[in-house]
Amino acid sequence: QVQLVETGGGLVQAGGSLRLSCAASGRTSSAYAMGWFRQAPGKEREFVAYIIRSTGLPYYADSVKGRFIISRDNAKNTVYLQMNMLKPDDTAVYYCAARNGVRATTTPDEYASWGQGTQVTVSS
């Protein structure tokens, strides 16, 4: 099992930036992909981005493409989400997740390990 801890959330004005970090511990070598998801009040959890740990290949939801950047530092077992040009619609609790196996996915149910989440609030 992989344990995940997110940090870096907060309050920011529209147009601003935040960087989220996700520190992994435990059986980190078993994680094939690391993903970021978010959940706004009253809404379902939605995919934001994932990255393949071995290759660094990223994939983004259309809603964040061109504004968010996912990256990883395998030496530190940490994944980052740089969020730029933030909008009020980006307000949500952001979760980091790890998936085993050999295929990446945007489906939350297919990720086995989750962090506790970090709140991101974007004011207009």
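Structure: see above.
The residue numbers shown here count from 1 along each chain, following its written sequence. Selection of residues for local features in this predicted model requires a pLDDT of at least 70, selection of side-chain atom pairs for listing and counting requires 80 or more, and totals for whole chains, interfaces and linings are taken over all residues. Excluded from the side-chain calculation are hydrogens and water; included are all heavy atoms of the structure.

Caption draft 1: Local environment of the overall build of the protein chain. A run of H or I in DSSP becomes a helix once it reaches four residues, and a run of E becomes a strand once it reaches two; helices and strands are each numbered from the N terminus. Broken down by element type, the protein chain carries 0 helices and 11 strands. Going from N to C terminus, the protein chain has its helices and strands arranged as β-β-β-β-β-β-β-β-β-β-β. It is over C-alpha atoms that the radius of gyration is taken, and the globule rule equals 2.2 Å times the number of residues to the power 0.38. Scaling as 2.2 N^0.38, a compact globule of 124 residues should have a C-alpha radius of gyration of about 14 Å, and the protein chain matches this with 13 Å. Taking all 124 residues of the protein chain together, the buried fraction comes to 44%. Whether two residues touch is decided by their heavy atoms; if any such pair falls within 4.5 Å, the residues are in contact. Of the contacts formed within the protein chain by residues at least 6 apart in sequence, a portion of 58% connects residues at least 24 apart. For the charge count, each Lys or Arg is scored as positive and each Asp or Glu as negative, with His and the chain ends excluded. For this purpose, a charge sits on NZ of Lys, CZ of Arg, CG of Asp or CD of Glu. Positive and negative charge centroids in the protein chain, built from 13 and 9 side chains respectively, lie 7 Å apart. Here's how the labels work: a residue is buried when its accessible area is under 20% of the maximum for its type, exposed when over 50%, partly exposed in between, all with a 1.4 Å probe on protein chains only.

Caption draft 2: Molecular detail of the state of the cysteines. The term disulfide is used for any two cysteine sulfur atoms that are within 2.5 Å. Under the defined criterion, the tally for this structure stands at 1 disulfide. Covalent S-S linkage joins Cys22 and Cys96, the inter-sulfur distance amounting to 2.0 Å. As the torsion about the S-S bond is roughly -80°, the Cys22-Cys96 disulfide counts as left-handed. Taken together, the residues Cys22 in strand E3 (residues 18-26) and Cys96 in strand E9 (residues 92-99) connect sequence positions 74 residues apart.

Caption draft 3: Geometry of unusual backbone geometry. With a phi close to 50°, Asn77 is a non-glycine residue in the positive phi region. Mapping Asn77 onto the fold places it in the loop between strand E7 (68-73) and strand E8 (78-83). You will see that Met85, though not glycine, has its phi angle at about 50°, which is positive. By secondary structure assignment, the location of Met85 is in the loop between E8 and E9.

Caption draft 4: Molecular detail of the packing of aromatic side chains. Each Phe, Tyr or Trp ring (for Trp, its six-membered ring) is paired with any other whose centre lies within 6.5 Å, and the angle between the two planes then decides the class: stacked below 30 degrees, edge-to-face above 60, tilted in between. Tallying each qualifying case throughout the model produces 8 aromatic pairs. For Arg45, the ring lying beneath its charged end belongs to Tyr95, and the centroid distance is 3.8 Å. Only when the NZ of Lys or the CZ of Arg is both within 6 Å of the ring centre and within 35 degrees of the ring normal is a charge said to sit over the ring. The ring of Trp114 is capped by Arg45, whose NZ or CZ atom sits 4.7 Å from the centre of that ring.

Caption draft 5: Structural context of the nonpolar core. We define the nonpolar core as a collection of buried residues of types Ala, Val, Leu, Ile, Met, Phe, Trp, Tyr and Cys that are connected through side-chain atoms lying within 4.5 Å of one another. Membership of the largest hydrophobic core comes to 37 residues, with the highest contact counts inside it found for Met34, Trp36, Leu81, Met83 and Tyr94. Listed by contribution, the elements that provide at least two residues to this core are strand E1 (2-7), E3, strand E4 (33-39), strand E5 (46-52), E7, E8, E9 and strand E11 (118-123). Among the elements that line this core, the one with the most residues is E5, at 6 residues. Apart from residues lying up to four places away in sequence, Met83 is in contact with Gly16, Ser17, Leu18, Leu20, Arg67, Phe68, Tyr94 and Val120.

Caption draft 6: Representation of the pattern of salt bridges within the structure. What counts as a salt bridge is simple: a side-chain nitrogen of Lys or Arg found within 4 Å of a carboxyl oxygen of Asp or Glu. Evaluation of the coordinates by the stated rule reveals 6 salt bridges. Among the ionic pairs, Arg67 bridges to Asp90, the shortest N-O distance being 2.8 Å. Remark: Asp90 occurs in the loop between E8 and E9 and Arg67 occurs in the loop between strand E6 (58-60) and E7; sequence separation between them is 23 residues. Accessibility expressed as a relative area gives 2% for Asp90, which makes it buried.

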